[in-house]
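Structure at a glance
As a plain string of letters, each chain reads:
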Amino acid sequence: MLKEKLKKMSHGNMNLTLKVWRQKSGQHKGNFETHKVQASEHMSFLEMLDVLNEKLISERKTPVAFEHDCREGICGSCSMVINGQPHGPQRGTTTCQLHMRQFNDGDVIAIEPFRAAAFPVIKDLVVDRSAFDRIIQSGGYISVNTGQAVDGNSIPIEKDLSGQAFDAATCIGCGACVAACPNASAMLFTSAKVSHLNLLPQGKVEAAQRVLSMVNQMDEEGFGMCSNITACEAECPKEISVDNIARMNREYISATLGSNKTA
Amino acid sequence: MNWFTKFLTSSIGRKLIMSLTGLFLIVFLLVHLIGNLQLLIPDGGEAFNLYAKFMTTNPVIKFTSYGLYAFILLHAVQGWLLWAKNRKARGGQGYAVQATRATGTNAGIAKRMGALGTIVFIFLVIHMGQFWFKMKMGDLPVQIYDGVEVNDLYAPVKAAFSNIGFVLFYVISMLFIGMHLMHGFQSSFQTLGLNHQKYTPFIKFLGNAYAVLIPLGFALIPIIFFVKNM
Ligand code: HEM
Ligand code: SF4
Ligand code: FES
């Protein structure tokens, strides 16, 4: 028994059945394809998919298209839904940082693209998340004069506040919040982007306009409304808090009623 | 678009309407329950009938009640709109594996607010047809208290609640209202942006207590009537 276990650990051979979503393009209809894969529990989820793709290529079949870049949990491109959960079962983890030891030998794993009307499928597991870019463009910046950089410590910022702003700034724009939300709402993402600037003195200058513009753009992209289900917070690989959503609601209402700005 | 219209049709503005009308309905439910508890006073319905007369004749209350009808409709219509828009935003294709996790509420309830609200709406229509409509249309027997004629609303209540079917209908409906409130109460505060490290735990506690106690109070009335009439 123990011997077998040790053997399994060293070789890490897991036999998995993958049900992968295949879709040629946004214009084509998609369907699930079943593949068997042997993986080691030390592999990351993406490495396991690499194994699948090697196999497909050697069989002269089209490999599964999935997005990836940094493979260290900071770029937010490795979007996919694993057994109904964006970025898989482990809390606070991107797909690239998810390891196969989270699964068991013999598991059947369903892999689907993020699904939302505002995130159309490009191919297989790859979706178009440029709606997020347009939300950022609408207000996710501060206007400063170029020139010599000011001393970072010249503006005093309370530690707690800078902590909150930093927490919000850890959002990697992956879109898991939208994928997880039964309403496909982008409130967690947008509120993180609003908060990380609006909480800081440099961002305060354009705070009212920022929240109005970014919410307006979010609505125009066709994302849903927030029912405060908190599925976003549960699935966010950076564990962004829904407190940010409350802050954005607050700031949106006060910017609309209490400033002379409009979206 | 006018800035105010734009505000009220924005995602946050729509939710603001849900939240404010929802909170108004929450306050109403409490007042309604306190009033209805007079049904349990063993005086043959006098206190309750006088209260019902006051509620339907006092001009301030009459005015408020028109607001209430408008708010119920506004909450329901906006709720259905949100439901439709959110479905559309989700896109046609669902996930093969369903696994909604949540951190701050009951996900199963929270994602079904539209369906739960619709059940509550059907209940409200039947409930108002049964009692409110009778009171308004005046086809009720009358009682004389101190020489004044008063509609005897107590009589149809007593009659309805001696029927096990109605008792069950009311009790089960209260379960759905309770579920709607279990998520709705705390959600309305978050929608308004009222989220605070110090107060939110209390709001959640209060919301859960409210969602259990108020429907329970309402459900007890038909149960007590039924048992007394057995
Ligand atoms: C007893 C009457 C009712 C009360 C006290 C009540 C209360 C509430 C409250 C407090 C909320 C939370 C609002 C928020 O999240 O900001 C809510 C949400 C909701 N209610 Fe009601 N409600 C009632 C009846 C109804 C009815 C008749 C409908 C009919 C469709 C309905 C549909 C909804 C929907 C769809 C939501 C979720 C909105 C969202 O977050 O997306 N409710 N309700
Ligand atoms: S809030 Fe979280 S889930 Fe949403 S885009 Fe940012 S990192 Fe991803
Ligand atoms: S590949 Fe960059 S976060 Fe996963």
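Structural data are supplied above this passage.
What counts and what doesn't
- Residues numbered from 1 in each chain as written.
- Chains lettered and ligands numbered in written order.
- Predicted model: local features only at pLDDT ≥ 70, side-chain atom pairs only at ≥ 80, totals over all residues.
- Heavy atoms only, no water.
- Helix = DSSP H or I, 4+ residues; strand = E, 2+ residues; numbered from the N terminus.
- Buried < 20%, exposed > 50% of the residue type's maximum accessible area, 1.4 Å probe, protein only.
- Contact = heavy atoms within 4.5 Å.
- Bend = angle between axes of the 7 residues up to and from the residue.
- Near = heavy atom within 4 Å.
- Polar contact = N/O pair within 3.5 Å; in protein donor to acceptor, adjacent residues only side chain to side chain.
- Nonpolar A, V, L, I, M, F, W, Y, C, P; charged D, E, K, R; others polar.
- Buried area = accessible area lost by both parts, 1.4 Å probe.
- Salt bridge = Lys/Arg side-chain N within 4 Å of Asp/Glu carboxyl O.

With that out of the way, let us pick up the side chain of Ser213(A). Residue and element names in this part refer to chain A. For Ser 213, the position within the fold is in helix α8 (residues 207–220). Accessibility expressed as a relative area gives 13% for Ser 213, which makes it buried. The contact partners of Ser 213, leaving out residues within four places of it in the chain, are Ser 138 and Ala 263.

Now for helix α6 (residues 113–137) of chain B. Residues and elements named next belong to chain B. Its axis deflected by about 40° at Gly 129, α6 carries its strongest bend there. Along α6, the residues that are buried comprise Met 113, Leu 116, Val 120, Phe 123, His 127, Gln 130, Phe 131 and Met 135. Buried-residue contacts for α6 involve α2 (11–36), α3 (46–57), α5 (107–110), β2 (148–151), α7 (154–160) and α8 (164–191).

What follows is about the site of ligand 1. Taken together, 25 residues are adjacent to ligand 1, and Ser227(A), His75(B), His180(B), Ser187(B) and Thr191(B) come closest. In the model, an oxygen atom of ligand 1 is placed 2.7 Å from a nitrogen or oxygen of the Thr191(B) side chain. Of all the elements in the fold, those that place two or more residues in the shell around ligand 1 are α2, α4 (59–90), α6 and α8 of chain B. Looking at the shell around ligand 1, the element that brings in the most residues is α2(B), giving seven residues. In the shell around ligand 1, the residues fall into eleven nonpolar, 13 polar and one charged.

Let's shift gears to the interface of chain B and chain A. Taken residue by residue, the interface counts 39 residues in chain B and 54 residues in chain A. Around 3700 Å² of area is buried between chain B and chain A when both sides are counted, 56% of it from carbon and sulfur atoms. Among the residues chain B hides against chain A, the three largest losses belong to Ile12(B), Tyr95(B) and Arg101(B). Together they make up 21% of the total. Applying the counting criterion to the chain B and chain A interface returns one salt bridge. Among the salt bridges present, the one from Arg101(B) reaches Glu235(A), with a minimum N-O distance of 2.7 Å. Scanning the region where chain B abuts chain A turns up 28 residue pairs in polar contact (both at pLDDT 80 or more). Looking at the side of chain B that touches chain A, the elements that each hand over two or more residues are α1 (3–9), α2, α4, α5 and α8 of chain B. The element that contributes the greatest number of residues to the side of chain B that touches chain A is α4(B), accounting for six residues.

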